[in-house]
Amino acid sequence: MIKKCTEGDRSILNKYLYQRKELNLFIISDIENFGFDSEELEIYMDYDESIQAIYLKFFTNLCLVSYEKKIDLDFIKDMIKKYDLTDVRGEPDLLKLIELKGFKFYKYYFASLNKLSIDVDTCGVSELDLSDIKEYLDKTNLVFNSNTKYESTKAELDKKSKHIFVYKKNNEIVSGVSSSAESKELAMLVGVFTLENYRRKNYALKCVYAICEKLINEGKTVCLFYDNPNAAKMYEKIGFKFIGYYAALKLKKTDAINK
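All of these numbers come straight from a predicted model, not from anything done at the bench. (Residues numbered from 1 in each chain as written. Predicted model: local features only at pLDDT ≥ 70, side-chain atom pairs only at ≥ 80, totals over all residues. Heavy atoms only, no water.)

J.: Outline the sheet that holds strand S8 (residues 164-169), supporting the account with residue identities and numerical values.
T.: Spatial ordering of the open sheet is given by S1-S2-S3-S4-S5-S12-S6-S11-S10-S9-S8-S7, a layout of 12 strands whose pairing is mixed. Here the strands that pair on one side only, and so sit at the sheet edges, are strand S1 (2-4) and strand S7 (125-127). This sheet shows a mean twist of 25° between the axes of neighbouring strands, independent of strand direction. With 5 bridges joining them, strand S9 (residues 172-180) and strand S10 (residues 186-194) adopt antiparallel strand pairing. Residue pairing in the sheet places Ser178 in a bridge with Val190 of S10. Lying over the sheet, helix H7 (residues 203-217) contacts strand S6 (103-113), S7, S8, S9, S10 and strand S11 (221-226), oriented at roughly 35° with respect to S9. (Pairing = 2+ DSSP bridges. Helix = DSSP H or I, 4+ residues; strand = E, 2+ residues; numbered from the N terminus. Axes fitted to C-alpha atoms, helices over the stretch in contact; angles between N-to-C directions. Contact = heavy atoms within 4.5 Å.)

Here is the structure:
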């Protein structure tokens, strides 16, 4: 039976999620940072003597966990329709069980970092000023052909569950990285980019190193997923270790426009 979760379910949810805490980082941090009475998210679990599956809706994303590979496809489709969701996330073997019209499957390498293995000069890197959020989003949405909203970014920054580090050239943001889904123990790196005319100058390396240094000093394991072999070399150089795979079902742009 699928039920909406409340504060009374926190303990049983965490016990289930912490079995694979790095891969469940998004759900763990959202529960920790937003709780069960937030407008930003809704949390459900399928429970039959024990948890069979967890579903978490955060803005336009739906995160899934089920070690038993038992999910309710009709419930997922109802959630997507009700909230106009554009991303479904989880482990690859779980998402392969789901067929959604207009969604494309992506598989990523997943890595984590507890200790930096090199020293990097981070001169020129700074934490993003709140007044630069719009410029930062304009750049990342252009680079990744994405549609990250100001409201969700601002909400995470306000909750202290996100940091953004950038490299500026002539007062323009040309490279950057952000953390997401930060909790007491974990943090995810997302959106590593450098504008095309400024690549091969190690600006992204500087940004990634700076944000990792801050997060590790706060006692957090830093995680990320990637599919770019060139990026993998940079992450391995810093000290990231491969620990598994992650996946996403993303709504194709044409389908989003024609909804």
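After that view of the structure, there is still more to cover.
J.: Explain helix H6 (residues 150-158) residue by residue, including any values.
T.: Three or more residues of H6 are buried, namely Ser152, Thr153, Ala155, Glu156 and Leu157. Against the buried residues of H6 lie strand S3 (51-58), helix H5 (133-144), S8 and S9. Following H6 by one or two positions, Lys160 adopts a phi angle in the positive range, close to 60°. (Buried < 20%, exposed > 50% of the residue type's maximum accessible area, 1.4 Å probe, protein only.)

J.: Account for a nonpolar patch on the surface, with residues named and values stated.
T.: Nonpolar side chains collect at one region of the surface, where Tyr109, Phe242 and Tyr245 lie side by side and expose about 300 Å² of accessible area between them. Mapped onto the elements, Tyr109 comes out in strand S6. (Patch = residues over 30% accessible without salt bridge, like charges linked within 9 Å, V, L, I, M, F, W, Y side chains within 5 Å. Areas by Shrake-Rupley, 256 points an atom, 1.4 Å probe, with all protein chains shown as cover. Salt bridge = Lys/Arg side-chain N within 4 Å of Asp/Glu carboxyl O.)

J.: Describe the state of the cysteines, with residues and values.
T.: Applying the stated rule across the entire model yields 0 disulfides. Of all cysteine sulfurs in the structure, the one in Cys223 sits closest to Cys63, which takes part in no disulfide; the separation is 14 Å. Under the relative-accessibility criterion, Cys63 is labelled buried at 5%. (Disulfide = S-S within 2.5 Å.)

J.: Residues and numbers for the nonpolar core, please.
T.: In this structure, Leu189, Cys212 and Phe240 are the most contacted members of the largest nonpolar core, which totals 41 residues. Among the secondary structure elements, those contributing two or more residues to this core are S6, H5, S8, S9, S10, H7, S11 and helix H8 (229-238). It is H7 that provides the largest number of residues to this core, a total of 11 residues. If sequence neighbours within four positions are ignored, Cys212 has contacts with Leu113, Leu116, Leu189, Val222 and Phe240. Listed in part, the 28 residues of the second largest apolar core include Leu25, Phe36, Val65 and Tyr246. (Core = buried A, V, L, I, M, F, W, Y, C linked by side-chain atoms within 4.5 Å.)

J.: Mind laying out the packing of aromatic side chains, listing which residues take part and the relevant values?
T.: One pair of aromatic rings is described through two measures. These are the centre distance and the angle between the planes. Applying the stated criterion across every chain yields a total of 18 aromatic pairs. Summarising the aromatic geometry, the rings of Phe26 and Tyr246 are spaced 6.0 Å apart at their centres and angled 45° between planes, so their arrangement reads as tilted. With a gap of 220 residues between them, Phe26 in helix H2 (residues 25-34) and Tyr246 in strand S12 (residues 241-251) connect regions that are remote in the sequence. Looking at Phe26, the relative accessible area reads 6%, which means it is buried. (Phe/Tyr/Trp six-rings, centres within 6.5 Å; stacked < 30°, edge-to-face > 60°.)

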